[in-house]
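Examining the three-dimensional arrangement
Okay, here's what each chain looks like letter by letter:
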Amino acid sequence: MTNTETSAAILTDESASTSRQGYQLVRTYRIGPEIVQITVAVDSYKHQSWAAAKILGPDRKWETLVSAAPGLWYDAMSSYMAVSTADRVVRECEWVANSLLSRARNVLGDLTSN
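Since the structure is predicted, the reported quantities are computational estimates derived from the model, not experimental observations. Each residue is numbered by its place in its chain's sequence as written, counting from 1. Residues qualify for local features only when their pLDDT is at least 70, as the model is predicted, and side-chain atom pairs are given and counted only at 80 or more; totals for whole chains, interfaces and linings, by contrast, use all residues. Each side-chain value is derived from all of the structure's non-hydrogen atoms; neither hydrogens nor water enter the calculation.

1. What about the overall build of the chain?
- Note on conventions: DSSP H or I runs of at least 4 residues are helices, E runs of at least 2 residues are strands, and numbering of each starts at the N terminus. Tallying secondary structure elements over the chain gives two helices and five strands in all.
- Starting at the N terminus, the α and β elements of the chain follow one another as α-β-β-β-β-β-α.
- Both definitions apply: the radius of gyration is a C-alpha atom measure, and the globule rule equals 2.2 Å times residues to the power 0.38. The globule rule puts the C-alpha radius of gyration for 114 residues at 13 Å, and the 14 Å found for the chain is close to it.
- Considering only C-alpha atoms, the chain reaches an extent of 45 × 25 × 25 Å along its principal axes.
- Considering the chain as a whole, with its 114 residues, one finds that 40% of them fall into the buried category. Between buried and exposed lies partly exposed: a residue is buried under 20% and exposed over 50% of the maximum accessible area for its type, with that area taken using a 1.4 Å probe on protein chains only.

Here it is, written out as C-alpha cells:
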C-alpha cells in the first residue's frame, strides 16, 4: 500500500450553491501531499452538467484526474427547480462526489507507487 492509499482524505473546504439553472457542490481535500478538488455541477441540461476530480499541479493549475460523464448520474438527480438550499445540494450530489473521491484516491495511489 502506498502513502496516498493509507492517507486520510481531509476535507478542507466545501461550497454548495444554486443558480437559476442548476446547482453545484465543490469540495477540496488534502490527500497526503496532494490537493484535490471535486466538483459536481448539475445544469437544467444534461449536456451542460459535469463532474470531475482535479488535482492542483506544481504550476498551481487544476488538472483533471478523473471525471464522470453526466450520462452515468444525471438522471438520478432532482430537478434544479426542486433543489433550493445548500443542504439539499449536498444531499443530491454527495454520492457522485464520494465516487469521484474514491476513484481519485485510487489513481493517486497508482501514481505514487511507480
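2. A word on the environment of Ala-16
- Note on placement: Ala-16 falls in strand β1 (residues 9-18).
- Separated by 25 residues in the primary sequence, Ala-16 and Ala-41 have C-alpha atoms spaced 9.9 Å apart.
- Sequence-distant contacts of Ala-16, that is, excluding residues within four places in its chain, are made with Gln-24, Leu-25, Ala-86, Val-89 and Val-90. When checking whether two residues touch, look at their non-hydrogen atoms; a contact exists if any pair is within 4.5 Å.

3. Let's talk about the sheet that holds strand β3 (residues 34-43)
- At least two DSSP bridges between two strands are needed for those strands to be called paired. Strand order in the open sheet formed by five strands is β1-β2-β3-β4-β5, and the pairing between neighbours is antiparallel. On the outer flanks of this sheet lie β1 and β5 (62-67), each paired with one strand and no other. Here the average twist between neighbouring strands, direction ignored, is 20°.
- Two strands pair when backbone bridges link them, and β3 and strand β4 (residues 50-56) are joined in this way by six bridges, in the antiparallel orientation. Looking at β4, one finds that Thr-39 is bridged to Ala-52. Helix axes are fitted to C-alpha atoms over the stretch in contact, other axes to C-alpha atoms as well, and angles between N-to-C directions run from 0 to 180 degrees.

4. Describing the nonpolar core
- What makes a nonpolar core is a set of buried Ala, Val, Leu, Ile, Met, Phe, Trp, Tyr and Cys residues whose side-chain atoms join them at distances within 4.5 Å. Counting residues in hydrophobic clusters, the biggest one holds 27 residues, and the most contacted among them are Ile-38, Val-40, Val-42, Trp-73, Met-77, Cys-93 and Leu-100.
- Contributing elements (two or more residues each) for this core: β2 (22-31), β3, β4, β5 and α2 (86-112).
- Ignoring sequence-local partners within four residues, the contact set of Val-42 consists of Gln-21, Gly-22, Tyr-23, Ser-49, Trp-73, Tyr-74, Met-77 and Cys-93.

5. With respect to the confidence of the model for the chain
- Every residue gets a pLDDT, meaning the predictor's confidence in that residue, from 0 to 100. Summing up the model confidence of the chain, the mean pLDDT is 89 and the portion of residues at 70 or higher is 90%.
- Confidence, expressed as mean pLDDT per element, reaches its minimum in the chain at helix α1 (residues 3-6) with 48 and its maximum at β4 with 98.
- Confidence over residues 1-5 falls short of pLDDT 50; this stretch has 11 contacts with residues more than four positions distant or in other chains.

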